[in-house]
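Coordinates in review
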Amino acid sequence: MTTLRPYAALFSMNAKQTFSYRSKAISGVLSQIFWGFMFLMMYKAFYASGNPPTDFSMLELSTYIWLGQAFYAFSYVGNVPAITNPIIKGDVAYEFVRPIDLYFNWYFKNFAGRAVEALIRFLPIVILGFLLPAGIGLSLPVSVPAFLLFLASLILGGLMASAIFMFICIFTFKTMSPKGVAAIVMVICNLFGGAYIPLPLMPAGVRRVLEYLPFRFMGDLPYRIYMGNVSLTSALIFIAIQIAWLAVLVLIGRVCLKKIIKNVEVQGG
């Protein structure tokens, strides 16, 4: 337990720091509400044009969209300047001498930021979703067990997003700019994870592949567990796969970071 205390302190410190940016939180809520309505209008037109999917109703789709907007900060993978800027400027040298693991130092900083942003943003979006009529609003979870599995999968998804973010940090040591890598990673995660096109609307062959890749576990899986689109038995199996992916991503990330910092040269004075 003693070894976990520094990381718990890091989480707490970065959580408090994120809470202080209220204007950012407000703009984030408004942005997610805007995109929620944009996606709803687009897909309502798609469903009304004929031949809508038989296994994914508009009610399920609207719930999927509002959950995605409410918890987007939890699954978003992009650049975090507070972590990558020290790599570019050379201040990362101070991180090397701290008596804590560098990987988990950045990992928990990132997870704290995304967790707090999600906590700040989700409530007004969820309330709005419940106030909207059926078909464009948010429905209740299909059952209590499904809701509990949804929460478990959602938290694991946030941890996976932080593990994928760590690869942006690793590539920044090589490129000295996180922007290009972060943009590529963000598009891949959003496209293959269901943020742009919900996985149930993709062709069956493509969907079968994407359902086992790590990206869908950051959003698609917990949302579909919530609405009952994935059975409880399948949910448990997919959560086990989610945990396995998380362990693999963290292991590979730690190994890669250890190798790359051995060859780091910090310039400046």
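In what follows, the structure referred to is the one given above.
1. As for unusual backbone geometry
In terms of backbone geometry, most residues other than glycine have negative phi values and most peptide bonds are trans. Residues other than glycine seldom take positive phi values, yet Met-176 does so here, at roughly 60 degrees. Position of Met-176 among the secondary structure elements: in the loop between α8 (144–175) and α9 (179–193).

2. Comments concerning the side chain of Thr-63
Along the polypeptide, Thr-63 turns up in helix α3 (residues 58–70). Within the structure, the side chain of Thr-63 is placed 2.8 Å from the side chain of Ser-139, a separation counted as a polar contact.

3. Some words on the environment of Ile-168
Positionally, Ile-168 belongs in helix α8. In this view, Ile-168 contacts Val-77, Gly-78, Pro-178, Val-181, Ala-182 and Val-185; residues no more than four positions away in its chain are not counted.

4. Observations regarding helix α11 (residues 220–227)
Each α-helix winds once per 3.6 residues, and so residues spaced three or four apart point in a common direction. Extensive coverage of α11 is indicated by the burial of eight of its eight residues. Inspection of α11 places Asp-220, Leu-221, Pro-222, Tyr-223, Arg-224, Ile-225, Tyr-226 and Met-227 among the buried residues, and these make up the whole buried set. Where the residues of α11 are buried, they touch α3, α4 (72–75), α7 (102–131), α8, α9 and α12 (232–261). The positive-phi residue at the C-terminal boundary of α11 is Gly-228, with phi of around 85 degrees.

5. Quick word on the nonpolar core
Grouped together as the largest cluster of nonpolar side chains are 70 residues, with contacts concentrated most on Val-77, Trp-106 and Leu-257. Looking at this core element by element, the count peaks at 16 residues for α8. Aside from chain neighbours lying at most four places away, what touches Trp-106 is Ile-83, Ile-87, Val-92, Glu-95, Met-166, Cys-169, Phe-173 and Leu-257.

Rules of the game
- Residues numbered from 1 in each chain as written.
- Predicted model: local features only at pLDDT ≥ 70, side-chain atom pairs only at ≥ 80, totals over all residues.
- Heavy atoms only, no water.
- Helix = DSSP H or I, 4+ residues; strand = E, 2+ residues; numbered from the N terminus.
- Polar contact = N/O pair within 3.5 Å; in protein donor to acceptor, adjacent residues only side chain to side chain.
- Contact = heavy atoms within 4.5 Å.
- Buried < 20%, exposed > 50% of the residue type's maximum accessible area, 1.4 Å probe, protein only.
- Core = buried A, V, L, I, M, F, W, Y, C linked by side-chain atoms within 4.5 Å.

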